[in-house]
Amino acid sequence: MKPKAIGIRDVALRAGVSIATVSRALNNPAAVRAELRARIDAAAQDLGYIPDAAARALSSRRTHTIGAVIPTVDNAMFARGVEALQRYLSLQDYLLLLATSGYDPEVEQRQAQNMISRGVDGLILRGDVHTEGLRKLLATQRIPFVNVGVYHPDRPSACVGADNEAAAYRACRHLLGLGHRRIGMVAALARHNDRASARVLGVRRALAEAGLELPARWLVEVPYHLDDARQAARALLPAAAAGRPTALVCGNDVIAYGVLLEAERRGLRVPQDLSVMGFDDLEWSRHLRPSLTTMHLPTDEVWTRAGEYLVNTLAGLPATRHYEVEASLVVRESTGPAPG
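Let me sum up the structure you'll find in this document.

Before going further, it helps to spend a moment on the overall build of the protein. Counting its regular elements, the protein contains 12 helices and 12 strands. Summarising the internal contacts of the protein: among those between residues at least 6 apart in sequence, 70% fall at separations of at least 24. Counting only carbon and sulfur atoms, one obtains 51% of the accessible surface of the protein, whose full area is about 17,000 Å². Considering the protein, the positive charge centre built from 41 side chains and the negative charge centre built from 36 side chains are found 3 Å apart.

Here's what the structure looks like:
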């Protein structure tokens, strides 16, 4: 036979308080004295009591669930960000529901709709490339949401992230300051990825200010995979030195790893023959030989701030709608003066 479920009445009896007091302690802990709350928590733990989430949602009209739709889990930056987000939400007694979109706005809309139908209180989305259908859905359902990884203070949607164009501009300026004039780029696929396209714009702007341009043959877009990055490097690094760039800006660190591997295979010395610039500052970047010069993004802060925005908004507390984090240049061994 199925054992009798432990209920709120059992907790009240064990703690020696009323059912109403237990209910207040569970649903609004701040309304109960700390000593009394500790006694109720101890009684619930002793009995193995688990609050009925469905009942709490009916009474409060909140499920204490936040949904996040990210492009993929096959990306160290997303994995780290989601981990930081979950840590924060757990401390706030929120559950994280996760889905992936594969960089497809239509899939993102379906995943978000599924989450909304399951009662999420708010949504975290990657970037600001969404279908009009999703924007309309979020508005009509009055679901608070925040875009992570971008900073667009001129747009109505809440966002937390770095100015990707400005960060890439600074990365390219570092190479220009080292005397490089033949600069190429291995970018991420820009379609449906506003972070990637902004980084290309930043490189173009820095080159234009120096009286240079980014030739079409020196710009290759690839997925965030080592094999694709190595294939791009093969195309950009011919045997003849005169036909290749002396420096490459990469759309993220994973792409930069692929470029470094292919450069080594082709007998090119980094940074004597080729300087390589990354983006994100993944953990491996400082352990490589040569270690990777890159733009550091405070991933933990971005995702934690996004969680804070939703939690505060849902609680009716003030929340910063557009929050910019700083992307900082980390100079290591993979960049050096232009050859010759």
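Now, onward.
All right, on to the sheet that holds strand 8 (residues 247–250) then. Strand order in this open sheet of four strands is 7-6-8-9, and the pairing throughout is parallel. The open sheet is flanked by strand 7 (219–222) and strand 9 (275–277), the only strands paired with a single partner. For this sheet, the mean inter-axis angle between neighbouring strands, taken without regard to orientation, is 15 degrees. With four bridges joining them, strand 6 (residues 183–188) and strand 7 adopt parallel strand pairing. Of the residues in strand 7, the one forming a bridge with Met 185 is Leu 219.

As a packed pair, helix 1 (residues 8–15) and helix 2 (residues 19–27) sit with axes 8 Å apart at the nearest point and diverge in direction by 105 degrees. Comparing the axis directions of helix 1 and helix 2 gives the class roughly perpendicular. Contacts from Ile 8, Arg 9, Val 11 and Ala 12 of helix 1 reach helix 2 at Ile 19, Val 22 and Ser 23. Residue composition of the contact of helix 1 with helix 2, grouped by class: five nonpolar, one polar and one charged.

Moving on, we come to the pattern of salt bridges. With the rule as written, the count across this model stands at 19 salt bridges. Residues Arg 87 and Glu 83 are paired through a salt bridge, measuring 3.8 Å at the closest nitrogen-oxygen approach. With Arg 87 and Glu 83 both in helix 5 (residues 76–91) and four residues apart, this pair spans about one turn of that helix. The class for Arg 87 is partly exposed, based on a relative accessible area of 44%. A salt bridge links Glu 308 to Arg 305; its shortest N-O distance comes to 3.8 Å. Note that Glu 308 and Arg 305 are positioned in helix 12 (residues 299–314) at a spacing of three residues, about one turn of the helix. Relative accessible area serves as the criterion here: at 32%, Arg 305 is assigned to the partly exposed category. If you follow the salt bridges from partner to partner, you end up with Arg 80, Glu 83, Arg 87 and Asp 300 in one network.

In the case of a regular strand, side chains alternate between the two sheet surfaces. The pairing of strand 1 (residues 65–70) with strand 2 (residues 95–100) spans six bridges and is classified as parallel. Looking at the pairing, Val 69 lines up with Ala 99 of strand 2. On the question of chirality, the crossover connecting strand 1 to the parallel strand 2 by way of helix 5 is right-handed.

For the rest of this paragraph, the subject is helix 1. Every buried residue of helix 1 is accounted for by Val 11, Ala 12 and Ala 15. One face of helix 1 carries all of its buried residues, which in axial projection span an arc of 100 degrees. Opposite the buried face of helix 1, by more than 90 degrees, sit the exposed residues Arg 9 and Leu 13. At the exit of helix 1 stands Gly 16, carrying a positive phi of roughly 75 degrees.

It is worth spelling out unusual backbone geometry at this point. The step from Val 270 to Pro 271 runs through a cis peptide bond, and the omega angle for that step is 10 degrees. Within the secondary structure, Pro 271 sits in the loop between helix 11 (253–265) and strand 9. The omega torsion across Arg 289 and Pro 290 is 5 degrees, close enough to zero to call that bond cis. With respect to the helices and strands, Pro 290 occurs in the loop between strand 9 and strand 10 (294–296). Phi angles above zero are rare outside glycine, and Tyr 103 is one such case at about 60 degrees.

Quick notes on the rules
- Residues numbered from 1 in each chain as written.
- Predicted model: local features only at pLDDT ≥ 70, side-chain atom pairs only at ≥ 80, totals over all residues.
- Heavy atoms only, no water.
- Helix = DSSP H or I, 4+ residues; strand = E, 2+ residues; numbered from the N terminus.
- Contact = heavy atoms within 4.5 Å.
- Areas by Shrake-Rupley, 256 points an atom, 1.4 Å probe, with all protein chains shown as cover.
- Lys, Arg positive; Asp, Glu negative; His and termini not counted.
- Charge placed at Lys NZ, Arg CZ, Asp CG, Glu CD.
- Pairing = 2+ DSSP bridges.
- Axes fitted to C-alpha atoms, helices over the stretch in contact; angles between N-to-C directions.
- Parallel < 35°, antiparallel > 145°, perpendicular 65-115°, else oblique.
- Nonpolar A, V, L, I, M, F, W, Y, C, P; charged D, E, K, R; others polar.
- Salt bridge = Lys/Arg side-chain N within 4 Å of Asp/Glu carboxyl O.
- Buried < 20%, exposed > 50% of the residue type's maximum accessible area, 1.4 Å probe, protein only.
- Right-handed = clockwise from strand over helix to strand, strands pointing away.
- Arc of directions from axis to C-beta.

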